[in-house]
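# Descriptive structure summary
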Amino acid sequence: MSNWYETYHFPKEVLEQADSIQNCINSLKDDIAKIRDAGKDVQEIHLLGSGDCYFISLAAAEAFKKLAGIQAVAFEAYDYYLNKPAVSSKTMVILFSSSGKSLYVLKSKDYAAEKEAITIGVTNHADSPLGTSCTIPLVTTATGVSKTFPSKTTTSVLALYYQLAVEMGVQRGTISEHEGQRLSEELAVTVPEMIHRIYKEEHQKLMEASQAYLEARNYVFVGSGPSRSSALVGAAKIVETSRGQVTFCNAEEYMHLFGFAVKSPDVVVVIGNNISNHRENQVVEYAQNQRARVLVIGGVDTLNPNIDTIHVAPYLRSLSPWGVTLASMVVLHLFASELSHKSYKNPDAPHDVDLKHVINLLYTGPVAGWQVD
């Protein structure tokens, strides 16, 4: 590994994700079971947060609907507070803030508590305002304190959401015990193994892709179904670590709208979802015809390979739609890390933004791990 992985926190934490996911699932089994039992009679789940915490809620909501048969909706925390959706004692509200100090996550928690909802506070800090005031805290200390933009906390919490959906599904009889065991093993064993394989086999390809796709006019991330969350997270990492211009959409939206604006200076990142690759294959073909540079991740077919198209980790097609979101996020984190490296950017903090001022606006107190002068 280069000094890049010793100097900065973001690239180091990207390489810790396999262990973080495994440690969280194994160490928080009792906590997940407690939340599962507390929610045995809930009729609706609301998941909310900001940034990555919101992005992964979109995929998690799909898992709760599909696996547990529960109506589930993802909300950005500020929108949730503004809209104040209907909440009752039959609602479970899952609020995610790594610091436990995100202003509108806390305000949303207060609203949900007033309506007698079950509130689950997902945070790295048990003593934070979120950790100490919710019905049940889910403290993700197994990931370790993050000192940079999120990567390992994002994927670890999404894995926990999936595990909770699996267990609620088995409890409610919407999936069999056998299917539940298979999905749990994928989350705790197969996905971490796949991530280690990504580190070993795809890192060099992503270094080459970052060099070939350097300083693009726009990075367009395309993901559908649960993989829409991967597209959002991938786009966020480019903004955070390289301050690049990004767009994100699903494959249908790309075909109907966003593809019209794509040209040769752009990069289109197409992410497989392991449900259908029909539109994804078409996005690749369309982007190639527009002379864009294309990065293909997972189970998407590249029918016309060329020098401007790089396909990584095609073996991810063996995972479930839930497992592939986790693994593809790791690919996207690696890509962002290498792009930042090639761009000579600090991936931990933007040099041209008063980060201390922004943090003071966003949070109710200092953020542990992110020491800003």
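The structure contained in this document is the topic of the report that follows.

Parameters at a glance
- Position numbers for residues start from 1 in each chain and track the written sequence from start to end.
- Confidence filtering applies because this is a predicted model: local features only for residues at pLDDT of at least 70, side-chain atom pairs given and counted only at 80 or more, and all residues used for totals across whole chains, interfaces and linings.
- Side-chain numbers come from the whole structure's heavy atoms, not from hydrogens or water.
- Criterion used throughout: strands pair if DSSP finds at least two bridges between them.
- Here a helix means four or more residues in a row that DSSP labels H or I, a strand means two or more in a row labelled E, and each is numbered from the N terminus.
- Throughout, an axis means a line fitted to C-alpha atoms (over the contacting stretch in the case of helices), and angles, computed between N-to-C directions, take values from 0 to 180 degrees.
- Here, residues are in contact when the closest pair of their heavy atoms is within 4.5 Å.
- Any angle that falls under 35 degrees is termed roughly parallel, while one over 145 is termed roughly antiparallel, one within 65 to 115 roughly perpendicular, and all others oblique.
- Here is the rule for handedness: rotate from the far helix to the near one, and if that takes an anticlockwise turn smaller than a right angle the crossing is left-handed, while a clockwise turn gives right-handed.
- Classes in brief: Ala, Val, Leu, Ile, Met, Phe, Trp, Tyr, Cys and Pro nonpolar; Asp, Glu, Lys and Arg charged; the others, Gly included, polar.
- Put simply, the grid is 1 Å and covers the protein atoms alone, a cavity is a trapped set of points that fit a 1.4 Å probe, a pocket is an open set with protein on both sides within 12 Å along at least five of seven lines, and lining residues have an atom within 4 Å of a point.
- Grid points are joined across faces, edges and corners, and a volume is the space filled by probe spheres set on the points.

### Observations regarding the sheet that holds strand β6 (residues 219–222)
Pairing is parallel across the open sheet formed by five strands, whose spatial order is β7-β6-β8-β9-β10. The strands lining the two open edges of the sheet, one partner per strand, are β7 (246–249) and β10 (309–312). Each neighbouring strand pair of the sheet contributes to a mean axis angle of 15°, computed without reference to strand direction. In terms of strand pairing, strand β8 (residues 267–271) meets strand β9 (residues 293–297) through five bridges, oriented parallel. Counted as the bridge partner of Val-269 is Leu-295 from β9. Docked against the sheet, helix α15 (residues 321–342) engages β6, β8, β9 and β10, running at close to 145° with respect to β9.

### Looking at the packing of helix α12 (residues 227–242) against α15
For the pair α12 and α15, the least separation of the axes is 9 Å and the interaxial angle reads 20°. Considering the angle they form, α12 stands roughly parallel to α15. For the pair α12 and α15, the sense of crossing is right-handed. Taken together, the residues of α15 that come into contact with α12 (itself represented by Ser-227, Ser-229, Ser-230, Val-233, Gly-234, Lys-237, Ile-238, Thr-241 and Ser-242) are Val-324, Thr-325, Ser-328, Met-329, Leu-332, His-333, Phe-335, Ala-336, Leu-339 and Ser-340. Split by residue class, the contact of α12 with α15 holds eight nonpolar, ten polar and one charged.

### Remarks on the sheet that holds strand β4 (residues 118–123)
Taken in spatial order, the five strands make up an open sheet running β2-β1-β3-β4-β5, and their pairing is parallel. Both outer strands of the open sheet, β2 (71–76) and β5 (136–139), are each paired with one neighbouring strand and no more. Going across the sheet, the axis of each strand differs from the next one's by a mean of 20°, ignoring polarity. Strand direction decides the pairing type here: β4 and β5, joined by four bridges, are parallel. For Ile-120, the partnering residue across the bridge sits in β5 and is Ile-136.

### Some points on empty space enclosed by the protein
Rolled over the atoms, a probe sized like a water molecule indicates the empty space that remains. Under the criterion given, the structure shown has one cavity of 30 Å³ or more. The space that makes up the largest cavity amounts to roughly 40 Å³. Surrounding the largest cavity, Asn-281, Val-284, Glu-285, Gln-288, Asp-301, Leu-303 and Asn-304 form its lining. Across the lining of the largest cavity, the residue classes tally to two nonpolar, three polar and two charged.

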